[in-house]
Amino acid sequence: MVLLTMLVSFFANATGQQIDNLTITKIRSVGNFHVGSIYDDSIELWFSTSLVWAESMNCTVGYRVYIDASKTHMVSAAFLAYASGKTVNVYADDTLPLRSGSCEISYIDINK
């Protein structure tokens, strides 16, 4: 019962947010930044407008989000959107790793 209560409490506190119609202005691919660094094997997406996070979010950086480089389908989608000049929607879930206040995204939509 205690475990169930802890799980319900954890998921009740988990927050996520979608931000729509963003233009990617820069993509930074990070390999082995510093051995064992949280930045290792990540892709940074930088945008033309500031990201405004809800107060309930643990994301504090308003100019970039991250993709785990192992999520190659998401990385491909980001490069496609950047190369074609299409806008994107991103969803950040702050239960995923935070990198100096920047959130990792769970999904990316490419808008037509």
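Above this text is the structure in question.
Just so it is clear, the structure is predicted and the values come from calculations on it, not from any experiment. (Residues numbered from 1 in each chain as written. Predicted model: local features only at pLDDT ≥ 70, side-chain atom pairs only at ≥ 80, totals over all residues. Heavy atoms only, no water.)

Chemist: Describe the sheet that holds strand β5 (residues 88–93), naming the residues involved and giving the relevant values.
Modeler: Ordered by their spatial adjacency, 3 strands build an open sheet running β1-β5-β8, and the pairing between neighbours is antiparallel. Among the strands making up the open sheet, the edge pair consists of β1 (16–22) and β8 (105–110). Between one strand axis and the next, the sheet turns through 15° on average, direction left out of account. Where β1 and β5 come together, 5 bridges link them in antiparallel fashion. Paired with Q18 across the strands is Y91, a residue of β5. Seen against the sheet, helix α2 (residues 72–84) touches β5 and β8 and runs at an angle of roughly 40° to β8. (Pairing = 2+ DSSP bridges. Helix = DSSP H or I, 4+ residues; strand = E, 2+ residues; numbered from the N terminus. Axes fitted to C-alpha atoms, helices over the stretch in contact; angles between N-to-C directions. Contact = heavy atoms within 4.5 Å.)

Chemist: Would you mind going over the nonpolar core in detail, with residue names and values included?
Modeler: One recurring pattern in soluble globular proteins: nonpolar side chains tend to sit buried together. By size, the foremost hydrophobic cluster in this structure holds 24 residues, and its most contacted members are L45, F47, I105 and I108. Residue assignment for this core shows that the elements contributing at least two residues are β1, β2 (24–30), β3 (42–47), β4 (64–68), α2, β5 and β8. It is α2 that contributes the most residues to this core, 5 residues altogether. The contacts of I108, once residues within four sequence positions are left out, are L45, M74, A77, A78, V88, N89 and V90. (Core = buried A, V, L, I, M, F, W, Y, C linked by side-chain atoms within 4.5 Å. Buried < 20%, exposed > 50% of the residue type's maximum accessible area, 1.4 Å probe, protein only.)

Chemist: Outline α2, supporting the account with residue identities and numerical values.
Modeler: Helix length check: α2 (13 residues) gives 18 Å between terminal C-alpha atoms against 18 Å at 1.5 Å per residue, within 8%. When α2 is considered as a whole, its buried residues turn out to be M74, V75, A77, A78 and A81. Down the axis of α2, the buried set is contained in an arc of 160°. They therefore lie on one face. Looking at α2, the residues exposed on the side facing more than 90 degrees away from the buried face are T72, H73, L80 and A83. Contacts made by the buried residues of α2 are with β2, β3, β4, β5 and β8. Just beyond α2, the residue with positive phi is G85, at close to 75°. (Expected span 1.5 Å × (residues − 1). Arc of directions from axis to C-beta.)

Chemist: How would you sum up the sheet that holds β4? Please name residues and give values.
Modeler: Taking strand neighbours across the sheet as the criterion, the 3 strands line up as β2-β3-β4 in an open arrangement whose pairing is antiparallel. Edge positions in the open sheet fall to β2 and β4, since each of these has one partner strand only. Taking each pair of neighbouring strands and ignoring which way they run, the sheet shows an average axis angle of 20°. Summarising the sheet, β2 and β3 pair through 6 bridges and their orientation is antiparallel. Across the sheet, the residue bridging to I24 is F47, located in β3. Each of β2, β3 and β4 is contacted by α2, which is oriented at about 145° to β2, the strand it contacts most.

What is shown is where atoms sit, not what they do.
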